[in-house]
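Here is what each chain is made of, one letter per residue.
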Amino acid sequence: MQLLSGNEALALGAYHSGVQVASAYPGTPSTEILENLARFKDIYAEWSTNEKVAMEVAMGASYTGARAMVSMKHVGLNVASDPFIAASYTGTIGGLVVVSADDPQIHSSQNEQDNRHYARLAKVPMLEPTDSQDAYDLMGYAFDISEEFDTPVLLRTTTRISHSKSVVDAKRKRTVKNPQPTFYFNMQKYVMLPVNALPRHALMEKRLLRLAEYTETFPLNVITWGRRDLGIVTSGVAYQYAREAFPEASFLKLGMTWPLPEKMIKEFAGQVNRLIVIEELDPFLQENIRAMGIEVTGKEFIPLVGELNTQIVTESSIGAGLLPDSGKLLPPAQGLPRRPPLLCPGCPHTGIYFVLNSLGQRSKLLEKKNGEPQEPKLIITGDIGCYTLGALPPLNVLDTTVCMGAGIGQALGMERAGVRNRVVAVIGDSTFMHSGITGLVDAVYNEGHITILILDNRTTAMTGHQEHPGTGISAQGQETFAVDIESLARGIGVKDIKVINAFDIKALRNGLKDSLDRPEVSVIIVRGSCVMLIRKRANPRKVDTEKCSQCNYCLSLGCPAIQSADGQVFIEPSLCAGDICTICEQLCPQKAISA
Amino acid sequence: MEKMDLIVTGVGGQGVVLASDIISETALAAGFDVKKTDTLGMAQRGGSVVSHVRMGPKVWSPLIQDGKVDLLLAFEKLEAARWSHHLRPGGIAIVNKYEQPPLSVSLGQDKYPADKEIAAALKRQTDRFHFVDGTGRAKELGNVRTLNIFMLGCFSVFAPLEVETWREIISRRLPENIREINLTAFEMGRKEMEGVRIGKS
């Protein structure tokens, strides 16, 4: 028995199931799956450039008979959806498992899309764990189903499953079914010309019918009888909340949620007085059960938006008359200051963001002007990563953030639409590799007049410091070729490329001013290692209270180490990054900050 | 078999996640069913962190229902107030006196709550709350990062778990170079709270 997070259990489950190739792009809450697999040196594990490439790597491996797994966050599956749906057409040889880690509540994402719809869209079977034991067990079934039914299998987890630890009995031993992968010529299966794809579609429909039979006896679709006045169909972590909120009800827990076991559901529904579905996000189970002609409710009282918990399930059910009122709860304490996430002390993004804030007069945007629309002096399109935090006060430097790579295309679109102001796109190094390159090609090809800031902190920081094609280290810790962003941009045709030290405020300001004046695509690579990668801290800065005029200019950096008590600014020595940063020292008008 | 539902909270970087990991593993070694879950949001450093740890004969949800937390272990005192409404009536709170002002406080936009306001927030639900100078003690020991293990020592006095199991799991989870100092921090936390417990419970 061991305590494993859902992600650790998925990784161990895949390893014991004989996975040979694993690929992923980091994304919360999926990242730890590949991180854990990469530790096993008898498999191949890679950080791919993006989720689409990761999917294609896993598909290729599957075609040779190797067992392959690809993992990503929910929005990653949007990026990978083209090959994912194609994989449903071609089918598999070696088991191919696609893990989608959804993020209800948007803990660390840009949306809370419900990826169960992808199973229906792609016509593939889907499995959903309710805890880490399920995650481990389902992974074994996933590979077997994939091979038996010639289909990729979608294994859908959520933040609360992936990032919760529970007890796992890891019963299996690793066995590899096909130690010598071999590719066999099979044009009808792999070459999706119309003449082949149409017959493959017909096979997919037959496959779904066979899967619908299979799921009727699937061991992790489980009925637990309790009182017959209420029957609850549920899956995923919602099962745990429902069990706790309704200790006496009858339950149908679905481990396989596409296709659905229609006979089993009908039988269950027939033996209870009232049938409800408790599920997170969309009424996926509910609508499909209703389509079977079964009377069922759920989303009439269970929220569609956000993560569930026992509290929400209980309160919603009280509202629907399913549970007795349990009395009033104590409200949260009022008037407490919030503690939003901030860029770290010594973050290499802080300096360039300060420069963008001051050159773009961004703080003015926060002043309320009778609700009149405000035009930023400098339009700044953003991206996904730690630097998204710069959208928050006091830096306030982003006008858009939607998905990886989007800022470059958006910047070009704004410029081409004819805005009067200069447009700057901000992107990270890992994200630039992920999907910024194509945007840059577009901007150069279409002769845009935009400035692109590549904040190169030498890692994929926000998800916990994963390697990427620019770092020169592989997912399994091997030294490898490091793609050089500067040469890449030059090869694309960018003429004005500057590489500037992320901790040199003067150089950043002058460089940015120069780029903004240029009538061409200008790229600034702002280079400075993520402070979390540098263990050594020396000489924390101090404020000389004699010299300090209490102008609070340094506080506008938003550095967590710079604090104030009774009107006097001080620098918390245990937080300050010291010599590697010195941005506050460079900025202080009174020269009151020094080592 | 007893059960215990607790929240461990603090600010990113204080070692909340490691602490709740150690609690969970200790509970597992003691034969409990265990679930634990962390909510970090986008915080790498400096944001609010909260872990739910549940131990009992059988645990369903990894998240504890509001108003049903048996014990609140807070590494920072504003965070204690923030989660005070999760405590059950008569629950226990152990609060490190340390204050880490959020940015809005440093910028003068918000006020950091006074100690008596934090106490009042807890008092709505319980009289059994204890302030300890964990950060001060950890500094005395020579490594402020031992705070989390000191706080575990405080918590251990109330936990249905054996001291030897704690020591074993702490030793397993921490690298050798910081093992001894952390075991000392654990003992200090235990001693700090033992007197309190005899006096109050």
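Higher on the page you've got the structure.
Because the structure is predicted, anything quoted here is derived from the model rather than measured.

The rules we used
- Residues numbered from 1 in each chain as written.
- Chains lettered and ligands numbered in written order.
- Predicted model: local features only at pLDDT ≥ 70, side-chain atom pairs only at ≥ 80, totals over all residues.
- Helix = DSSP H or I, 4+ residues; strand = E, 2+ residues; numbered from the N terminus.
- Rg over C-alpha atoms; globule rule 2.2 N^0.38 Å.
- Buried ≥ 20, exposed ≤ 12 C-beta atoms within 10 Å, placed from the backbone.
- Contact = placed C-beta atoms within 7 Å.
- Pairing = 2+ DSSP bridges.
- Axes fitted to C-alpha atoms, helices over the stretch in contact; angles between N-to-C directions.
- Right-handed = clockwise from strand over helix to strand, strands pointing away.
- Parallel < 35°, antiparallel > 145°, perpendicular 65-115°, else oblique.
- Left-handed = near helix turned anticlockwise from the far one by under 90°.
- Nonpolar A, V, L, I, M, F, W, Y, C, P; charged D, E, K, R; others polar.

A. Layout of the overall build of chain B. Assigned secondary structure in chain B consists of eight helices and six strands. The secondary structure elements of chain B, listed N-terminal to C-terminal, are β-α-β-β-β-α-β-α-α-β-α-α-α-α. The C-alpha atoms of chain B give 16 Å as radius of gyration, which agrees with the globular expectation for 201 residues (17 Å, within 12%). When the backbone C-alpha atoms are referred to their principal axes, chain B occupies close to 50 × 40 × 35 Å. A burial count over chain B gives 57% of its 201 residues as buried. In chain B, the share of contacts with a sequence separation of at least 24, taken over all contacts with a separation of at least 6, comes to 66%.

B. Fine view of the sheet that holds strand β8 (residues 164-168) of chain A. Read across the open sheet, the eight strands follow the order β1(A)-β8(A)-β2(B)-β3(B)-β1(B)-β4(B)-β5(B)-β6(B); overall the sheet is mixed. Whereas interior strands pair on both sides, the edge strands pair on one side only; in this sheet they are β1 (2-5) of chain A together with β6 (129-132) of chain B. Each neighbouring strand pair of the sheet contributes to a mean axis angle of 20 degrees, computed without reference to strand direction. As defined by bridge partners, strand β1 (residues 4-11) of chain B adjoins strand β4 (residues 69-74) of chain B across four bridges and the pair is classed as parallel. Paired with B:Leu6 across the strands is B:Leu71, a residue of β4(B). Seen against the sheet, helix α1 (residues 6-16) of chain A touches β1 and β8 of chain A and runs at an angle of roughly 100 degrees to β1(A).

C. Molecular detail of the pairing of strand β15 (residues 422-428) of chain A. Residue and element names in this part refer to chain A. For β15, the tally of buried residues reaches seven of seven residues, placing the bulk of the element in the interior. Relative to β15, strand β14 (residues 378-381) runs parallel, the two sharing four bridges. Within β15, the residue paired with Thr381 across the bridge is Ala425. Once you follow β14 into helix α16 (residues 406-417) and on to β15, the crossover reads as right-handed. With five bridges joining them, β15 and strand β16 (residues 451-456) adopt parallel strand pairing. Paired with Gly428 across the bridge in β16 is Leu455. Crossover connection from β15 via helix α17 (residues 429-445) to parallel β16: handedness right-handed.

D. Main features of the packing of α17(A) against helix α18 (residues 485-492) of chain A. Residues and elements named next belong to chain A. Where α17 meets α18, the axes come as close as 10 Å, and the angle between the chain directions of the two elements is 20 degrees. Relative to α18, the element α17 lies roughly parallel. Here α17 and α18 pass one another in a crossing that is right-handed. Across the interface between the two elements, Asp429, Phe432, Ile437, Leu440, Val441 and Val444 from α17 touch Ile485, Leu488, Ala489 and Ile492 from α18. Split by residue class, the contact of α17 with α18 holds nine nonpolar, no polar and one charged.

E. Up close: the interface of chain A and chain B. Taken residue by residue, the interface counts 42 residues in chain A and 45 residues in chain B. Contributing elements (two or more residues each) for the side of chain A that touches chain B: β8, α11 (238-245), α14 (310-319) and β20 (562-565) of chain A. Here the side of chain A that touches chain B is composed, by residue class, of 23 nonpolar, 13 polar and six charged.

F. Inspection of unusual backbone geometry at higher detail. All names here are of chain A. Cis geometry is adopted by the peptide bond preceding Pro259, which originates at Trp258 and carries an omega value of -15 degrees. Its location among the elements puts Pro259 in the loop between β12 (256-258) and α12 (262-270). Positioned with a positive phi, Gln361 is a non-glycine residue whose angle comes to about 45 degrees. Mapping Gln361 onto the fold places it in the loop between α15 (349-359) and β14. According to the C-beta neighbour criterion, Gln361 is exposed, with 11 such atoms within 10 Å. In this model, Arg458 sits at a positive phi of 65 degrees, which is unusual for a non-glycine residue. Examined against the element boundaries, Arg458 turns out to sit in the loop between β16 and α18.

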